[in-house]
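# Remarks on the overall topology
Chain by chain, the residues run as shown.
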Amino acid sequence: MSLLTSLLKMRAADTGNALRASQLRHLHLSDQPLMLLAMTRTGPAARPLAVMLGTDPHRPQLLVAPPSGSTTSMLATLADAVTAYIDACQRHSEHLPAINNKPARRRYTDAPQILVPNPQTVQHLKVLGDDLRFRRVDDQNPDSRAVQRLGHWLTYLTDRADIPGSAALIPMTSFLSMHWVTGQSPQEDEDLATLLAWIDPPRHAASGRDAAYEAEDPATHRPAGPATDAAFDNDHLAPLFDAYARARAQGQDQARTLEELERLLAAYLHPTWDLMWQAYTLLQALPEAKSSTRRWDHERTVFTDECVYLAQDGRPRPARDQAVAAAVRLARMEHGAAAFAAERAADDPFARAELRTTGEAFGGTVTAIDSKHTLRGPTGRPQWRPRFTVSTTDLLRMEPGQLLACHAYRKAGYKICEITPADDDTLVELEITAGMGHADRPNYDVLPEAGAFLVFTIAPDPYRMPEFPARDQTPWTHGGPPADHPDHSNEGEGEEEQ
Amino acid sequence: MSSLDARLGVLRGTAPPIPHSARTLAALTANPTCDRRSLIDAAGIDKAALAAHLNLPQPLRKSQLALDYGLAFEHKVTAQAGAPLVPLLRQALALTLPEASYQDVNSVGSDDDKSSLQLRHAHTRSRILSAAHRRPSQHRTLLDHPVLHLTVAGHQAYLEPDIIAFHRDGVFHVVEIKSFPVIHGQSDPLKVDAALTQAAAYVLALRELLADDGLPPERVSDTVILVNPRNFTQHPTATPYKAYQQIKSLSRHLGRLRRLPELLDKLPPHTTLDLAPGPDGKPTRPRGELAAALATVPARYTPGCRHHCDLAFHCRTEARNQRRTAALGTKVRDDLAGIDTIDTALALTDGQLHPARDQKDITQALQQAQRIYAELQTGIA
Ligand code: SF4
């Protein structure tokens, strides 16, 4: 968040209406996302209470776990639904020709996209994945394999969600906050109902602020999960759970209680379900940023790789990353964040405006062009290095020598030669350092026109994945060679009654 | 009764004071600069009752399911005279602790109903002191349901840690049983921090007890043991944590409570938050009057208040009505350090207000942000 967002927050609070924080949508949206709401049972770790999911806004599927006893059958149904969705993404593939040192290969034309209400649901699915992928597969029980596979996919998806710019598993509140600024605090923005009320108030509401206030009414507000609220626990769930336990203890039929529980949870989840689709429609209407397509292509590559891995090896990821794996993950996340930021700046004027207020960019008008400027290269041959001057009124926090990128000429590179403060503005002399071709084969396209308004951002560092030692060469001080199999800390404990 | 007590009593009114617990003490560290909260807590005023009377949502309501689950786990850990605990503590403290004597302070006095706090405190005290003074090699003790005293703003608050463990090196350890899980060796850092802050209150109380008997604070370890369910089961696991930071911060915040007389001096005379319960126990205090009384005690609202204070929704409304930047989050508040309200910030941005000397830089930055945004809106940029 920048001072610009702080300013917009104040404007939004002042007027009562949310403001756009982006002119484009920066994440790919699937035509058929899998919407998924998850509720956990208060208390035991990762014990599901209910899941509502589906690709059709009018026909959600509701799965409810019994208050006590095994959840395997509910999880198996969930596994079937999720796996069916993921399998559908593997129906078609495309041929990718060999490039550089990568051989030709096939890639699926689609990849799964799961939309959940908030980051807490992502966290819940991660913990659930940690539990399920180590469950033992019992050949007598076909459900057990499906459940383990679900665990694998949940781990894959929640890992992807850690990478900025990935669109495999997206928390809706973060997705919306990336594109709008509201007049309430970030903590309040974590609540899907009030966030959406600010952004897309119902017609009768006078303002987003009024709508949010109304959406908060405890009588109608339903938290989007995964935790249930205390009032719901105490007033509704606890009595039903007691009734269930009593029926169980007395050997009576529990079906009625379960039906009642299902009705209760359906009513509890439905408002959020509708909000999710409302948010989806809203986001779909935003024009998609150019780089988002590239990132989705990459998403499909990663997904295809995962399918191959599952088919060929399929051992679950260890419970905790070993040193090398953890370092690789961290490097990927950092790279993902830097690449996403740079691509957003290239695509979106709003992102550039934000960088201008933080001093990571400046904008100005081209005042003079020296298109003939040459330098003497190391071999003595002249090199064509056109220069031009930009007049800016932004507060400049850069030094000569700074390398820059420009949204209008994505292949070109720039360097600051000189900074001359004048009365009302600052003159920045820039040299084109890349993308202009050679003196004998010049690419005149990179020359800006005098009078043009351009924004220059700090060029992202060229990225190279650092080299890591091979797995078996990890020093023991870092935890030693990784165990390929999961730890056995869960033996026989997974299905304990709670 | 000290005059401070009397003054706090006036603020509280007719209701009996709510005793402090480790939880309320831990909450003190969450927003220590809020005078409203410091005074209300020091006076032992029931914030939940205030909130209920003001018709506010109750963000801190406890889930019965969570309580039941926590209790079931605690019973499991302390079952069979603490048998499951001994091997866990042995491992967590790297001790040779072949057996330990387990004493449940709950069961002193009569067998049936729970003994009074005072009685349990007396027993706790005598057992701890006798353990501390005996030859170190002789006694290894697990004390279940002990009761300690801590001086809070000149008052004795009763605290009830889960377990106190004493071992041969002559050192006491606070052991807390918490029902949030440790999954593959990791737990939610926020929950751990909250648990350690509570444990810090017990450490301080235990040190106070020993100090009265001339024993040094090092006899109570900075290392606190949390016992949690392991992975996806109800099997307990014990993890040692350094609680040094939490102990330091809590004792600093307790020290701050000495400012109470100063805070009270600032209130108009006879200010009270009394709910004036009628014969049926229902509050009769007019809401507007109560809100006005609250308004005389300065608050320091942040959106995080809803996680630790019953008055969060009241203070939020107040902060919003006063158009405070803090209502938009700590990020906005810190960005605009020195400018308290949205109105001032926007007036400075739009040039309708002349910046004071210390507002020049932020005003310039705001105006630049505004200019860039305007360029964006008109499509220049
Ligand atoms: S809610 Fe109000 S009284 Fe409570 S800590 Fe926050 S500002 Fe202080």
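All values reported here derive from a predicted model rather than from experimental measurement. In this convention, every chain numbers its residues from 1, walking through the sequence in written order. Each chain is given a letter, starting from A, and each ligand a number, starting from 1, according to the order in which they appear as written. Thresholds applied to this predicted model are a pLDDT of at least 70 for local features of residues and 80 or more for the giving and counting of side-chain atom pairs; totals over whole chains, interfaces and linings are not thresholded and use all residues. Water and hydrogen atoms play no part in the side-chain values, which are based on all heavy atoms of the structure.

All right, on to the interface of chain B and chain A then. At the interface, 55 residues of chain B touch 56 residues of chain A. Throughout, the accessible surface (probe 1.4 Å) given up by two parts as they are put together, summed over both, is called the buried area. For the pairing of chain B and chain A, the buried interface totals around 4,800 Å² over both sides, and the portion due to carbon and sulfur atoms is 60%. When the buried surface of chain B facing chain A is broken down by residue, B:Leu65, B:His184 and B:Phe232 rank first, second and third, together holding 17% of it. Salt bridges, as used here, are contacts in which a Lys or Arg side-chain nitrogen is within 4 Å of a carboxyl oxygen on Asp or Glu. Run the count over chain B and chain A and you get nine salt bridges. The shortest N-O distance in the salt bridge between B:Arg306 and A:Glu188 comes to 3.8 Å. We call two N or O atoms a polar contact when they sit within 3.5 Å, provided that within protein one can donate a hydrogen and the other can accept it, with sequence-adjacent residues counted only if both atoms are side-chain atoms. In this structure, the connection of chain B to chain A is made through 15 residue pairs in polar contact (both at pLDDT 80 or more). Secondary structure elements are taken from DSSP: a helix is a run of H or I of four residues or more, a strand is a run of E of two residues or more, and numbering for both begins at the N terminus. Every element with two or more residues in the side of chain B that touches chain A is listed here: α5 (64-82), α12 (312-321), α13 (330-335), α14 (342-349) and α15 (360-378) of chain B. Among the elements that make up the side of chain B that touches chain A, the one with the highest residue count is α15(B) (twelve residues). Under the convention adopted here, Pro, Cys and the residues Ala, Val, Leu, Ile, Met, Phe, Trp and Tyr are nonpolar, Asp, Glu, Lys and Arg are charged, and Gly plus all remaining residues are polar. Considered class by class, the residues forming the side of chain B that touches chain A number 26 nonpolar, 16 polar and 13 charged. By definition in these notes, contact holds between two residues if any of their heavy atoms fall within 4.5 Å.

Turning to the sheet that holds strand β6 (residues 172-177) of chain B, a few remarks are in order. Residues and elements named next belong to chain B. Note: two strands are recorded as paired if DSSP finds a minimum of 2 bridges between them. Reading across the sheet, the six strands line up as β1-β2-β5-β6-β7-β8 and stay open at both edges, with mixed pairing between neighbours. Among the strands making up the open sheet, the edge pair consists of β1 (101-104) and β8 (236-242). Averaged over all neighbouring strand pairs, the angle between strand axes comes to 25°, with direction disregarded. Angles shown run from 0 to 180 degrees and are taken between the N-to-C directions of axes, each axis being a line fitted to C-alpha atoms and, for helices, limited to the stretch in contact. Across the sheet, helix α8 (residues 189-212) touches β5 (163-166), β6, β7 (223-229) and β8, and the angle it forms with β6 is around 145°.

Bringing the pattern of salt bridges into the picture now. Under the definition given, this model contains 40 salt bridges over all chains. Residue B:Arg320 is joined to A:Glu188 by a salt bridge in which the shortest nitrogen-to-oxygen separation is 3.2 Å. A residue pair is termed interchain when its members come from two chains, as with B:Arg320 in helix α12 and A:Glu188 in helix α6 (residues 186-189). Categorising residues by exposure relies on relative accessible area from a 1.4 Å probe, with only protein chains included: less than 20% of the type maximum marks a residue as buried, more than 50% marks it as exposed, and the intermediate range marks it as partly exposed. Using a relative accessible area of 31% as the deciding quantity, one classes B:Arg320 as partly exposed. Overall, the relative accessible area of 4% leaves A:Glu188 in the buried class. The salt bridge partner of A:Arg387 is A:Glu431, with a shortest N-O separation of 2.8 Å. Of this pair, A:Arg387 sits in strand β13 (residues 387-392) while A:Glu431 sits in strand β16 (residues 426-434); the two residues are 44 residues apart in sequence, bridging distant segments of the chain. Residues A:Arg387 and A:Glu431 agree in their burial class; the two are buried.

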